[in-house]
Amino acid sequence: MKAEVGDRLIVESAHLGEPRRIGTITALHHADGSPPYEVHWLDQKHEAMVFPGPDAHIEPRNTRPATS
């Protein structure tokens, strides 16, 4: 898994009926974009260092539609 600052980290729920978690990557710890990442979680308004598991994927910032 490789990411850049500004990409989104999406973690799918492990339990039925629970929402996925979405966060914005705010800092990298490795120049090659490998984990861990500093992530600002959108649902809880806090940042955490994250080591993504197999239930996570990256949504690059350049693939999201622009907002005005």
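Everything quoted here is computed from the prediction, not taken from an experiment. (Residues numbered from 1 in each chain as written. Predicted model: local features only at pLDDT ≥ 70, side-chain atom pairs only at ≥ 80, totals over all residues. Heavy atoms only, no water.)

Caption draft 1: Quick look at the side chain of E38. Secondary-structure assignment places E38 in strand β3 (residues 37-41). For the buried residue E38, which engages in no salt bridge, the nearest side chain bearing the opposite charge is R21, 12 Å off. Those residues in contact with E38 that sit more than four places away from it in its chain are T24, I25, T26, A27, H29, E47, A48 and M49. (Helix = DSSP H or I, 4+ residues; strand = E, 2+ residues; numbered from the N terminus. Buried < 20%, exposed > 50% of the residue type's maximum accessible area, 1.4 Å probe, protein only. Lys, Arg positive; Asp, Glu negative; His and termini not counted. Salt bridge = Lys/Arg side-chain N within 4 Å of Asp/Glu carboxyl O. Contact = heavy atoms within 4.5 Å.)

Caption draft 2: Broad picture of the packing of aromatic side chains. Tallying each qualifying case throughout the model produces 0 aromatic pairs. Residue placement shows R21 over the ring face of W41; its charged tip is 4.0 Å from the ring centre. (Phe/Tyr/Trp six-rings, centres within 6.5 Å; stacked < 30°, edge-to-face > 60°. Lys NZ or Arg CZ within 6 Å of the ring centre and 35° of its normal.)

Caption draft 3: Seen up close, the environment of Y37. Within the secondary structure, Y37 is located in strand β3. Look at Y37 and you get buried, because its relative accessible area is 0%. Between the alpha carbons of Y37 and E12 there is a distance of 17 Å; along the sequence they are 25 residues apart. Once you skip the residues sitting within four places of it in the chain, Y37 turns out to touch M1, K2, A3, I25, A27, L28, H29, A48, M49, V50, P52 and I58.

Caption draft 4: A look at the pairing of strand β1 (residues 8-11). Across 4 bridges, β1 lies against strand β2 (residues 21-28) in antiparallel orientation. Within β2, the residue paired with V11 across the bridge is R21. Summarising the sheet, β1 and strand β5 (residues 56-59) pair through 4 bridges and their orientation is antiparallel. Of the residues in β5, the one forming a bridge with I10 is H57. (Pairing = 2+ DSSP bridges.)

Caption draft 5: Geometry of the pattern of salt bridges. Under the defined criterion, the tally for this structure stands at 5 salt bridges. D32 is the partner of K2 in a salt bridge, and the nearest nitrogen-oxygen pair spans 3.4 Å. Taken together, the positions of K2 in the segment before β1 and D32 in the loop between β2 and β3 put the pair 30 residues apart, joining distant regions of the chain. Here D32 falls in the partly exposed class, since its relative accessible area comes to 47%. In this structure, R61 engages E4 in a salt bridge whose closest nitrogen and oxygen atoms are separated by 3.7 Å. Here the residue R61 occupies a position in the segment after β5, and E4 occupies one in the segment before β1, the gap between them amounting to 57 residues. Taking the relative accessible area as the measure of exposure, R61 reaches 44% and is therefore partly exposed.

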